[in-house]
Amino acid sequence: MIENEKILENLEKIGFGRKEAEVFLELIKNPGSNGSQIAKALGYPRTTVYQNLDILQKKGI
């Protein structure tokens, strides 16, 4: 989706990594999702999602 791509680009401009931004956007779209649900939605391994959730948490997001 073009709208999502624009949001992801803007998140990258303010310091998010690409996968961090994708995980963050998925959380905004589906609040309360767990790591497994996010991994399934994005097509990433759970370990990748959990690593990026950890990064977001360390950034205070």
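One can find the structure itself at the top, above this paragraph.
In short, a report on the structure. Since the structure is predicted, the reported quantities are computational estimates derived from the model, not experimental observations. (Residues numbered from 1 in each chain as written. Predicted model: local features only at pLDDT ≥ 70, side-chain atom pairs only at ≥ 80, totals over all residues. Heavy atoms only, no water.)

### Topic: the pattern of salt bridges
Argument step 1. Under the defined criterion, the tally for this structure stands at five salt bridges.
Argument step 2. Here Arg18 ties to Glu22 by a salt bridge, and the two come within 3.3 Å at their closest N and O atoms. Of this pair, Arg18 and Glu22 both sit in helix H2 (residues 18-29), four residues apart, roughly one helical turn.
Argument step 3. Across the pair Asp54 and Lys58 runs a salt bridge whose closest N-O atoms are separated by 3.2 Å. Separated by four residues within a single helix, Asp54 and Lys58 lie in helix H4 (residues 46-58), roughly one turn from each other.
Argument step 4. Judged by its relative accessible area of 33%, Asp54 is partly exposed.
Argument step 5. Judged by relative accessible area, which is 68%, Lys58 ranks as exposed.
Argument step 6. Shared partners join several salt bridges into a network, and the residues in it are Glu5, Glu12, Arg18 and Glu22. (Salt bridge = Lys/Arg side-chain N within 4 Å of Asp/Glu carboxyl O. Helix = DSSP H or I, 4+ residues; strand = E, 2+ residues; numbered from the N terminus. Buried < 20%, exposed > 50% of the residue type's maximum accessible area, 1.4 Å probe, protein only.)

By themselves these figures say nothing about function.
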